There are 2 protein chains.
Amino acid sequence: MADATPIRPIPAEQVTEWAYEADVVVAGFGVAGASAAVGAAQAGADVLVLERTGGWGGAAAMAGGFIYMGGGTPLQKACGFEDTVDNMKAFMKAALGPGTDEAKIDAYCDGSVDHYHWLVDECGVPFKMSFWGEPGWEPPGDDGLQYSGGENAAPFNATIPPAPRGHVPQMSDKQSGGEKGGGYMLMKPLTDKAAELGVRAEYDMRVQALIVDTDGRVVGIQAKQYGKDVAVRARKGVVLATGSFAYNDTMLESYAPKLVGRPAASIEEHDGRAIRMAQALGADLAHMDAAEVAFFCDPQLFIRGILVNGRGQRYINEDTYPGRVGQATLYENENQSYLIIDEAAYEEGLTRPTATEQLRHQPKWVGETVEELEAEMGLPAGALQSTVDVYNRHAENGEDPLFGKKPEWVKPIGSPVAAIDLRGMTGGFTLGGLRTNVDSEVLHVSGEPIPGLFAAGRCTSGVCAGGYASGTSLGDGSFFGRRAGISAAKA
Amino acid sequence: MADATPIRPIPAEQVTEWAYEADVVVAGFGVAGASAAVGAAQAGADVLVLERTGGWGGAAAMAGGFIYMGGGTPLQKACGFEDTVDNMKAFMKAALGPGTDEAKIDAYCDGSVDHYHWLVDECGVPFKMSFWGEPGWEPPGDDGLQYSGGENAAPFNATIPPAPRGHVPQMSDKQSGGEKGGGYMLMKPLTDKAAELGVRAEYDMRVQALIVDTDGRVVGIQAKQYGKDVAVRARKGVVLATGSFAYNDTMLESYAPKLVGRPAASIEEHDGRAIRMAQALGADLAHMDAAEVAFFCDPQLFIRGILVNGRGQRYINEDTYPGRVGQATLYENENQSYLIIDEAAYEEGLTRPTATEQLRHQPKWVGETVEELEAEMGLPAGALQSTVDVYNRHAENGEDPLFGKKPEWVKPIGSPVAAIDLRGMTGGFTLGGLRTNVDSEVLHVSGEPIPGLFAAGRCTSGVCAGGYASGTSLGDGSFFGRRAGISAAKA
């Protein structure tokens, strides 16, 4: 990955002209960058955001909009759910690991209700006080709350009292057939708030390298604007918030090879450049192999059948968070999956509301019996049949002893029966990146913070080490983005 | 991970006294370090090795001793096996990925026969010209050649003509009941050769940081010797060869969390320090999540039964390389495994020779029928029964359509039948590390080599990206170690 433009830190004494200057300079105007800008401005700093594209938004503005919050938010309470900070911590540590940063999750959960108030009361992010309880990647309407991590499913519901924590900003445009999701109604208020606070923004700014003084302190950032090199001085600190490396194939090959060729829920600006720039200063990394993995099938369908791998074996409880299905499919089952579903269940699924109509795939194979179906699918004789037999045997009693699917979703598979081909139906974005502390300082491999350098969002390793829940990216991006801005303003 | 001793690069102008000096300074006297020392000395350099312990050897001297070589080595030919460089490349790229460094594998395979001659003819590594063809982690006697990566098993044998490539140095001591494996007879000749070439070694040398000149070139290394700080000058280059990070829990938590608490085939000196030292200079990393995973059961037993996961499902062809079983168990099956085996097969297995007698576990549960057995094991009714039914149904015809186990190992499971508890029976060492090129130069995140810095062995990402074959660590450690020495001598 030799670069045309050097990625190595540039000594400040070599800078002949500072094109721009601010107390806090933020690279990237997605959720982490906007939150950093607001946080820094609220802390009294003069803030400049450098954005590569022609406008604010990043991947966040195009996202469904989940923000993972809990511990008893007003929205949770309004919808009748009890949640505690401890339960939220326990769930996140269990579901987002192994290897989670416990201090980060503790800070995130301890501050979650406050974060809700900051988003709503200070920034104006709107939530409709209603709950969506059906299976789905996101609410089909404008409901504000949904389970988004498998909290109410096995294996977590057996030991940790569940609560829904996926908070979705209300986006009336979506209801009326518009294309924007809740992420827009997170980003619009945040960037409006930034503007109101006097945050400046420069666009078409491609960050290239960090500028450091003789003590190794980060004092600015070198960028290309309209093809020209410009140096930007940061009197107090630089915040990196440029997103994941899902679109950098070289980095994917080295760090997360199973994601090569399947970036999703991401934007092509996510090229990992800021990670590289900080690595060049000795910044540490974490969990570079971790990824969010979407599973491209409508949960209203697959919860009503069974998912089997390329050998006809079940591999997960179908009522869990669909992102867990995606990870299990890609990482543990060679990216092979089939949905086995009988006609009645399929038809029923089609009658239910969904936000992902395009993921309602047609059956590829059908049979009067499972034996017939497995032969059509080319599976070895008995492979699928035995799976369905064991499932049905226990489903007669409403039980799923193998995976713990909840009784309400356990029903024997009848006839006629079909298989939907879901092989290769995954994609996602990277969760690994710069190692930061709870104040969003970027950590050197020595363990010490790099002076003047802060980061948040998907160019960092956040609350997710291996697992994922919808809302943790906009969640830790906004939470630790705000902290990055505050820390930089105080630096 | 704040360190008592700084890990940041030390400016050369701050060094007041050089305690030692050489053309090429090698950190670590395991297989990569010894090979680098010999390579550099043969290229005419004055070489000094810094070793942390009191003697040469590293993890290599305690290893079984496999060196992965092929493409038609004299040992392969003497045992009647045909192999080609192309088949070796194809296998390694298929089995050691995803995300393998293709240029590295190409260089490794193209140079493999030459590497054999260097080890044997120049360094005096002895191989007995005989093949061990039975299942096992390593030959029970002193045979020189064995399949060590699953080349002759599914899925690879269907498309890539197999050849055994695990070359084990002859260790007569082992035959007579001694404790040393073939790795000792790799390290003894290599270090003897190094001594013969005038290579010097200093012991109790704990490397701490790299020393760099004003241009960023590595010109030395700072170490602690008997508790005192000493600076070592490298006139031409520094070679890092200090092994994996399997014993650094902080790094494991951040990069390979599933290996926390289960280091194996590794030594506690493997603390990742050299990786950190180079990261502090902006060195790039690769595949930090990858690991060799041993499966602690004798293959003579498990090849004669079926391995099932915590849900009673088969998950791998039992005749493949046991390290593949280990990875599949730990990464894809929640570290849960049971061996289901009938009495006759178990007894037969016990009569066969093995090098790992201590891995011949006793059955934990027994039954006259599988139904009885699964109840005793606490598995859901039908879960194991259906697995055995499907297996036996095809085994009657000598077939294993689900996993492709070879006919010679496929036999219906009879009665009485037992289960051996293999849950949690895995352990291993890390395969990720510094990103290097085919000349063993350490690459900066810019993609350019860091001047004066070379590395090899398990502190680098070598030929393995995700998969593993026995012999690839001593293999790429010696191959790219030698290259590191030669490159440094020429620098």
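Rules and cut-offs
- Residues numbered from 1 in each chain as written.
- Chains lettered and ligands numbered in written order.
- Predicted model: local features only at pLDDT ≥ 70, side-chain atom pairs only at ≥ 80, totals over all residues.
- Heavy atoms only, no water.
- Least-squares fit on C-alpha atoms with pLDDT ≥ 70 in both.
- Contact = heavy atoms within 4.5 Å.
- Buried area = accessible area lost by both parts, 1.4 Å probe.
- Salt bridge = Lys/Arg side-chain N within 4 Å of Asp/Glu carboxyl O.
- Polar contact = N/O pair within 3.5 Å; in protein donor to acceptor, adjacent residues only side chain to side chain.
- Helix = DSSP H or I, 4+ residues; strand = E, 2+ residues; numbered from the N terminus.
- Expected span 1.5 Å × (residues − 1).
- Buried < 20%, exposed > 50% of the residue type's maximum accessible area, 1.4 Å probe, protein only.
- Patch = residues over 30% accessible without salt bridge, like charges linked within 9 Å, V, L, I, M, F, W, Y side chains within 5 Å.
- Areas by Shrake-Rupley, 256 points an atom, 1.4 Å probe, with all protein chains shown as cover.
- Lys, Arg positive; Asp, Glu negative; His and termini not counted.
- Charge placed at Lys NZ, Arg CZ, Asp CG, Glu CD.
- Pairing = 2+ DSSP bridges.
- Axes fitted to C-alpha atoms, helices over the stretch in contact; angles between N-to-C directions.
- Domains from an automatic or database assignment.
- pLDDT = per-residue confidence, 0-100.
- Phe/Tyr/Trp six-rings, centres within 6.5 Å; stacked < 30°, edge-to-face > 60°.
- Lys NZ or Arg CZ within 6 Å of the ring centre and 35° of its normal.

## Thoughts on the relation of the copies chain B and chain A
- Superposing chain B onto chain A takes a rotation of 180° plus a shift of 0.0 Å along the axis, which leaves an RMSD of 0.0 Å. On this basis, the relationship between the two copies can be described by a two-fold rotation axis.
- Counting the interface residues of chain B, we find that 100% of their copies in chain A are interface residues as well, pointing to one common contact surface.

## Regarding the interface of chain B and chain A
- Between chain B and chain A, the residue contacts involve 47 residues of the former and 47 residues of the latter.
- Counting the surface lost from both chain B and chain A, the interface buries some 4000 Å², and carbon and sulfur atoms represent 53% of this.
- If you sort the residues of chain B by the area they bury against chain A, Arg8(B), Arg311(B) and Val445(B) come out on top, with a joint share of 14%.
- Our enumeration of links across chain B and chain A arrives at 4 salt bridges.
- Across the pair Arg8(B) and Glu448(A) runs a salt bridge whose closest N-O atoms are separated by 3.0 Å.
- If you look at where chain B meets chain A, you find 20 residue pairs in polar contact (both at pLDDT 80 or more).
- Elements with a minimum of two residues in the side of chain B that touches chain A: helix H8 (249-255), helix H9 (273-279), strand E12 (285-286), helix H11 (322-332) and helix H14 (383-395) of chain B.

## Some points on the environment of Ala22(A)
- With respect to the secondary-structure elements, Ala22(A) resides in strand E2 (residues 18-27).
- It is 9.3 Å that separates the C-alpha atoms of Ala22(A) and Gly220(A), two residues lying 198 residues apart in sequence.

## Describing helix H7 (residues 184-196) of chain B
Residue and element names in this part refer to chain B.
- The terminal C-alpha atoms of H7 lie 18 Å apart, and with 13 residues this matches the ideal 18 Å at 1.5 Å per residue to within 8%.
- All buried positions along H7 are accounted for by Met185, Leu186, Met187, Pro189, Leu190, Thr191, Lys193 and Ala194.
- Contact partners of the buried residues in H7: helix H1 (31-42), strand E4 (67-68), helix H5 (112-122) and helix H15 (472-490).
- Looking one or two places after H7, you find glycine 198, whose phi comes out positive at around 90°.

## Some points on a negative patch on the surface
All names here are of chain A.
- Together, Glu343, Glu347, Glu368, Glu371, Glu372 and Glu376 line one region of the surface with negative charge.
- At the level of secondary structure, the elements contributing two or more residues to the negative patch comprise helix H12 (343-351) and helix H13 (370-377).
- Considering every element that reaches the negative patch, the biggest residue donor is H13, with 3 residues.
- With respect to the helices, strands and loops of the structure, glutamate 376 is situated in helix H13.

## Examining the sheet that holds strand E14 (residues 338-342) of chain A
Residue and element names in this part refer to chain A.
- Strand order in this open sheet of 4 strands is E13-E14-E16-E15, and the pairing throughout is antiparallel. Strand pairing shows two members of the sheet lacking a second neighbour, strand E13 (306-308) and strand E15 (365-367), which therefore form its edges. Adjacent strand axes in the sheet meet at a mean angle of 25°, parallel and antiparallel pairs treated alike.
- When E15 meets strand E16 (residues 417-421), the two strands line up antiparallel, connected through 3 bridges. By the bridge assignment for E16, tryptophan 365 is matched with alanine 419.
- Relative to E15, H13 is tilted by about 150°, and along the sheet it contacts E14, E15 and E16.

## Observations concerning the pattern of salt bridges
- Applying the stated criterion to the full structure yields 58 salt bridges over all chains.
- The salt bridge partner of Arg276(B) is Asp284(A), with a shortest N-O separation of 2.9 Å. Taken as a pair, Arg276(B) in helix H9 and Asp284(A) in the loop between helix H9 (273-279) and strand E11 (285-286) lie in two separate chains rather than in one. Across the pair, Asp284(A) and Arg276(B) agree in class, each one buried.

## Quick word on the side chain of His444(B)
- When you line up the elements, His444(B) lands in the loop between strand E20 (441-443) and strand E21 (449-455).
- A polar side-chain atom of His444(B) sits 3.5 Å from a polar atom in the side chain of Arg8(A).

## Brief notes about the domain arrangement of chain A
Residues and elements named next belong to chain A.
- Taken domain by domain, chain A holds domain 1 (1-296 + 427-490) and domain 2 (297-424).
- For domain 1 versus domain 2, the separation of C-alpha centres amounts to 35 Å.
- Contacts between the two partners involve 31 residues from domain 1, matched on the other side by 35 residues from domain 2.
- When the two sides are added together, the surface that domain 1 and domain 2 hide from each other amounts to roughly 2500 Å², 58% of it contributed by carbon and sulfur.
- Its largest share of buried area at the contact with domain 2, domain 1 owes to Pro135, Trp137 and Phe295, together 29% of the area lost on that side.
- We note a salt bridge from glutamate 134 to arginine 352, for which the minimum N-O separation is 2.2 Å.
- Joining domain 1 to domain 2, the criterion identifies 10 residue pairs in polar contact (both at pLDDT 80 or more).
- If one sorts the elements of the side of domain 1 that touches domain 2 by residue count, strand E12 (residues 291-295) sits on top with 4 residues.

## Overview of unusual backbone geometry
- Going from Gly97(B) to Pro98(B), the amide bond is cis rather than trans, its omega being 5°.
- With respect to the helices and strands, Pro98(B) occurs in the loop between helix H3 (85-95) and helix H4 (102-110).
- Of note, the bond from Ala154(B) into Pro155(B) is cis; its omega dihedral lies within 30 degrees of zero at 0°.
- Topologically, Pro155(B) is positioned in the loop between strand E6 (145-146) and strand E7 (166-167).
- The backbone of Glu334(A) shows a phi angle near 55°, a positive value even though the residue is not glycine.
- With respect to the helices and strands, Glu334(A) occurs in the loop between helix H11 (322-332) and E14.

## Let's talk about the confidence of the model for chain A
- When pLDDT is averaged along chain A, the result is 96; 97% of the residues meet or exceed 70.
- The complex prediction reports pTM at 0.96, with the ipTM value standing at 0.95.

## Side note on the packing of aromatic side chains
- Under the defined criterion, the tally for this structure stands at 28 aromatic pairs over all chains.
- Aromatic pair Tyr108(A) and Phe480(A): ring centres 6.3 Å apart, planes at 20°, arrangement stacked. Of this pair, Tyr108(A) sits in helix H4 (residues 102-110) while Phe480(A) sits in helix H15 (residues 472-490), and the two are 372 residues apart along the sequence. We note that Tyr108(A), like Phe480(A), is buried.
- With a centroid separation of 5.7 Å and 75° between ring planes, the pair formed by Tyr338(A) and Trp365(A) is classed as edge-to-face. Of this pair, Tyr338(A) sits in strand E14 while Trp365(A) is found in strand E15, placing the two residues 27 residues apart along the sequence.
- With a relative accessible area of 4%, Tyr338(A) lands in the buried category.
- An aromatic cluster is defined as three or more aromatic residues linked by ring pairs; in this entry it consists of Phe81(A), Phe131(A) and Tyr147(A).
- The cationic tip of Lys104(B) hangs over the ring face of Phe480(B); the distance from NZ or CZ to the ring centre is 5.9 Å.

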